[in-house]
Amino acid sequence: MTQDLLYERLAERMRRQIQRGVLRAGERLPSLRRLGRDQRISLATAVEAYQQLEREGLIEARPRSGYYVRAAPAAAPRSHRARHLARAPTPMRNPALLGVLDVQSRRDLIPLHAATPAAALLPSAALAASVTRAMRRDPELALGYTVPQGLPALRERIAQRYAQCGVEIDPDEVIVTAGAMEAISLTLRTLTRPGDIVILETPTYHGLLQAVAAHGLRVLEIPNHPGRGLDPAQLRELLERHAVRAALLVPNFNNPLGSLTGEAAKREIVAACAAHGTVLIEDDLYGELAYSGERPAPLRRYDDGEHVITCGSYSKILAPGLRVGWMIGGRRRSELLRTKSFSTVATATLPQLALIDFLARHDIERGLRRLRRALAGNAQAYRQALLDYWPDGIAVAEPAGGMTLWVELPERIDGQALFEAALARGIGILPGHLFSNRGDYTHHVRLSCGQPWDRKMEQTLKTLGELAKQLLR
């Protein structure tokens, strides 16, 4: 029997005992070592079983004491329930999302749905050479497990890069992950329990909504405003009215708006969350892609490592397929590392070695300047084409960075209908309702501007405009 089945069966058995009152509220559970010995299972399996029950809110870990059965929470009076609180989110199962997931794996579409740069804008040949060198240098190391935290040389490079935008980070805080989404998911898994309240901005990337739903969290949505990003006053209002466990925010070039939150506002956001004991999970995936060329500071710049966990990745600036990201854990490093160790053991070694080789041989800033210029030019050209060829009455957000365009359609045009019409013509876009926990933005679509601007792309946007006009009739 696999380890996964063992821990799931053990968790299910204990879950039934708790529900039937065999294990009572406040009762201390066997230690991990004793549980492993009594059940004849490994320590890792025992840990996974307890962590599963902890995520479900059935047990709790008490420092230096062990695990205990939690008391069932009393139901809040209806008159005191938060009016802004959404229902407990569940994984999205609507046909539109299934279609989007299918679209993301298709290579026969013009990829306006994929928020990744075109291969021509990335150093693919140089990275391929680095992969080859890593394999030749030490194939046994390249194909074997490495330490869960990630290779020290790569963690040092990540810390050095943040130092260039005024953020002093100890490389020992950095934990290498399989992309930014794993970093975010591990952070949620470590710091939240089912039923906790989490703040997300709206609109926001649908992958973040799915991650929150998978952990059984309740969502409060805070508007992200085109051109200015997040409003600290709105955040403070939510924090004062609700017991918020975490805020998952994208202050640097939100996907899909491409908005940038100002530095003064970032400072206020960090201070507000610190005052209310709310953990800030920062998705800094697009932080390097400022059209101005000036890399904005992450939220961590205004924190001492206590309240902000910054997650990032090389996916949008070097190679999406290498799947190398990170989380900067601050004082929560040990907790996060423990979760990662029992979740994915370690990030693949070969991509880390390849990146270490690449970063030692190449000036990453030079490549970033080229990438930023290309994306800024694309965004401007795409945006103008949308205004020229699409129906009157559309509104297109003007991004400050990143690689997405957020388009508001006339009310008579449904974003899902345009998505389906585009798909039939071999063009991938995303419907706007995927970017809200409540399914808002039904008259919006998101486009990527990561592909080069040329006559073919102009014709593609013209075709989309014709499809949109047909939906008006």
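Residues numbered from 1 in each chain as written. Predicted model: local features only at pLDDT ≥ 70, side-chain atom pairs only at ≥ 80, totals over all residues. Heavy atoms only, no water.

J.: Teacher, can you tell me more about the side chain of N255 here?
T.: Structurally, N255 can be placed in the loop between strand 8 (244-249) and helix 11 (263-275). In this structure N255 comes out as buried when scored by relative accessible area, which is 6%. The residues touching N255, leaving out its near neighbours within four places in the chain, are A115, P203, T204, Y205, Y286, T404, F435 and R446. (Helix = DSSP H or I, 4+ residues; strand = E, 2+ residues; numbered from the N terminus. Buried < 20%, exposed > 50% of the residue type's maximum accessible area, 1.4 Å probe, protein only. Contact = heavy atoms within 4.5 Å.)

J.: Which parts of the structure should I look at to understand the pattern of salt bridges?
T.: Any two side chains of opposite charge can pair, on the condition that their charged atoms come close. Evaluated as defined, the whole model comprises 21 salt bridges. Linking E12 and R15 is a salt bridge whose minimum nitrogen-to-oxygen distance equals 2.2 Å. Taken together, the residues span about one helical turn, with E12 and R15 both in helix 1 (residues 3-19) at a distance of 3 residues. On the basis of relative accessible area, E12 is assigned to the partly exposed category, the value being 30%. Linking D357 and R361 is a salt bridge whose minimum nitrogen-to-oxygen distance equals 3.1 Å. (Salt bridge = Lys/Arg side-chain N within 4 Å of Asp/Glu carboxyl O.)

J.: Which parts of the structure should I look at to understand the sheet that holds strand 6 (residues 218-225)?
T.: Strand pairing in a sheet takes place through backbone hydrogen bonds and is either antiparallel or parallel in direction. Spatial ordering of the open sheet is given by 4-11-10-9-8-5-6-7, a layout of 8 strands whose pairing is mixed. On the outer flanks of this sheet lie strand 4 (174-177) and strand 7 (229-230), each paired with one strand and no other. For strand 6 and strand 7, the ladder comprises 2 bridges, and the chain directions are antiparallel. Bridged to H225 within strand 7 is G229. The strands that helix 10 (residues 232-241) touches are strand 5 (197-202), strand 6, strand 7 and strand 8; relative to strand 6, the one it contacts most, it runs at about 165°. Here helix 11 sits on the sheet and contacts strand 7, strand 8, strand 9 (279-283) and strand 10 (308-313); the angle it forms with strand 9, its principal contact strand, is near 145°. (Pairing = 2+ DSSP bridges. Axes fitted to C-alpha atoms, helices over the stretch in contact; angles between N-to-C directions.)

J.: What am I meant to see in the packing of helix 10 against helix 11 here?
T.: The relative placement of two packed helices is expressed as an angle between their axes plus a distance between the axes. Orientation of helix 10 relative to helix 11, taken along the N-to-C sense of each, is 10°, at an axis distance of 9 Å. If you check the angle between helix 10 and helix 11, you find them roughly parallel. The segment helix 10 lies against helix 11, with P232, L235, R236 and L239 engaging A265, E268, I269, A272 and C273. Across the contact of helix 10 with helix 11, the residue classes tally to 7 nonpolar, no polar and 2 charged. (Parallel < 35°, antiparallel > 145°, perpendicular 65-115°, else oblique. Nonpolar A, V, L, I, M, F, W, Y, C, P; charged D, E, K, R; others polar.)

J.: What exactly am I supposed to notice about the nonpolar core here?
T.: Where a protein is soluble and globular, its nonpolar side chains tend to be buried together. L112, Y314, W390, I429, L447 and L464 are the most contacted members of the largest nonpolar core, which has 71 residues in total. No other element matches helix 14 (residues 364-389), which puts 9 residues into this core. Sequence-distant contacts of L447, that is, excluding residues within four places in its chain, are made with L112, L386, W390, M403, T404, L405, V407, I429, L461 and L464. L209, V279, C311 and L337 belong to the second-largest nonpolar core, a separate cluster that totals 24 residues. (Core = buried A, V, L, I, M, F, W, Y, C linked by side-chain atoms within 4.5 Å.)

J.: Please explain the packing of aromatic side chains as it appears in this structure.
T.: The description of an aromatic ring pair rests on the distance of the ring centres and on the angle between the ring planes. Taken as a whole, this structure holds 6 aromatic pairs when the rule is applied. Measuring from ring centre to ring centre gives 4.7 Å for Y50 and Y67, while their planes differ by 50°; the resulting arrangement is tilted. In this pair, Y50 sits in helix 3 (residues 43-55) while Y67 sits in strand 2 (residues 66-69), placing the two residues 17 residues apart along the sequence. Like Y67, Y50 is buried. Ring centres of Y162 and W326 lie 6.3 Å apart, and the angle between their planes is 85°; on these two criteria the pair is classed as edge-to-face. In this pair, Y162 is assigned in helix 7 (residues 152-163) and W326 in strand 11 (residues 325-328), connecting sequence segments 164 residues apart. On the basis of relative accessible area, Y162 is assigned to the buried category, the value being 4%. Among the aromatic residues, those joined into a ring-pair cluster are Y162, Y314 and W326. (Phe/Tyr/Trp six-rings, centres within 6.5 Å; stacked < 30°, edge-to-face > 60°.)

J.: Can you help me understand the packing of helix 7 against helix 13 (residues 349-361) in this one?
T.: It is at 9 Å that the axes of helix 7 and helix 13 come closest, and there the two elements cross at 50°. It follows from the interaxial angle that helix 7 and helix 13 lie oblique. Considering the relative orientation of helix 7 and helix 13, their crossing is left-handed. Only Q352, L355, I356, L359 and A360 of helix 13 make contact with helix 7, whose side of the interface consists of A153, L154 and R157. Here the contact of helix 7 with helix 13 is built from residues that sort into 6 nonpolar, 1 polar and 1 charged. (Left-handed = near helix turned anticlockwise from the far one by under 90°.)

J.: What is the right way to look at the side chain of T192 in this model?
T.: By the element assignment, T192 lies in the loop between helix 8 (179-191) and strand 5. Judged by its relative accessible area of 6%, T192 is buried. Ignoring any residue separated from it by four or fewer positions in sequence, one finds T192 in contact with V198, L217, R245 and A246.

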